[in-house]
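Architecture and fold: a report
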Amino acid sequence: MDLAIDALKKELANVRAGRPSANILDQIQVNVQGTKTPLPRVAQVVVRDNNTLAVNVFDRTMLPQVESAIRDSGMGLNPVADGVNLRVPLPKLTTEHRQQLAKSAAKIVEQTKVSLRAARQDAMTRVKNVEKA
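Rules and cut-offs
Residues numbered from 1 in each chain as written. Predicted model: local features only at pLDDT ≥ 70, side-chain atom pairs only at ≥ 80, totals over all residues. Heavy atoms only, no water. Helix = DSSP H or I, 4+ residues; strand = E, 2+ residues; numbered from the N terminus. Rg over C-alpha atoms; globule rule 2.2 N^0.38 Å. Contact = heavy atoms within 4.5 Å. Areas by Shrake-Rupley, 256 points an atom, 1.4 Å probe, with all protein chains shown as cover. Lys, Arg positive; Asp, Glu negative; His and termini not counted. Charge placed at Lys NZ, Arg CZ, Asp CG, Glu CD. Salt bridge = Lys/Arg side-chain N within 4 Å of Asp/Glu carboxyl O. Buried < 20%, exposed > 50% of the residue type's maximum accessible area, 1.4 Å probe, protein only. Core = buried A, V, L, I, M, F, W, Y, C linked by side-chain atoms within 4.5 Å.

Focus: the overall build of the chain
Secondary structure summary: the chain contains four helices and six strands in total. Order of helices (α) and strands (β) in the chain, N terminus to C terminus: α-β-β-α-β-β-α-β-β-α. Compactness check: the chain gives a C-alpha radius of gyration of 19 Å against a globular reference of 14 Å for 133 residues, more than 25% above the reference. Counting only C-alpha atoms, the chain reaches 70 × 40 × 20 Å along its principal axes. A separation of at least 24 residues holds for 48% of the contacts in the chain among residues at least 6 apart in sequence. Summed over its atoms, the accessible surface of the chain is roughly 9,100 Å², and 52% of this surface lies on carbon and sulfur atoms. Looking at the chain, you have 20 positive and 13 negative side-chain charges, and the mean spots of the two groups are 4 Å apart.

And the structure:
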């Protein structure tokens, strides 16, 4: 059950609602020498202000790969290279986008509920088996 709750916390941390979080870019995979690598391993993401994230790439030669990975992530983000770092301006939350975020959050919560029910059912089955023995 703890794994399901931890997974829920991790998934909800990636949902952008209100103030930006550096965690929203954690699931992005960057192609590093033919290997998919999580963004936090090749760059540091910090919140610059309410509408901008700053991505500080550890290896400057990786800047184009990180930029394309963020752009192709499907999150609707358009990073801007400013020499050695990336600025990622975050779009304003529209009503339509908020509704979409609410639907995705509800979907994540429902998946967690299903996994919790399965864990509870497994525990109940184990208890019944122990009582019979």
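Details of the pattern of salt bridges
The full count for this structure, using the stated rule, is three salt bridges. Between Arg-87 and Asp-82 there is a salt bridge whose closest N-O contact spans 3.7 Å. Glu-110 is the salt-bridge partner of Arg-117, the closest N and O atoms lying 3.8 Å from each other. For Arg-117, a relative accessible area of 42% gives the class partly exposed. Overall, the relative accessible area of 38% leaves Glu-110 in the partly exposed class.

A closer look at the nonpolar core
Grouped together as the largest cluster of nonpolar side chains are 22 residues, with contacts concentrated most on Leu-25, Val-30, Leu-39, Val-55, Val-66 and Ile-70. Elements supplying a minimum of two residues to this core: strand 1 (29–32), helix 2 (39–42), strand 3 (43–49), strand 4 (52–57), helix 3 (63–71) and strand 6 (85–89). Here this core gets four residues from one element, more than from any other, and that element is helix 3. Excluding anything up to four places from it in sequence, Leu-39 contacts Leu-25, Asp-26, Ile-28, Val-30, Val-45, Val-66 and Ile-70.

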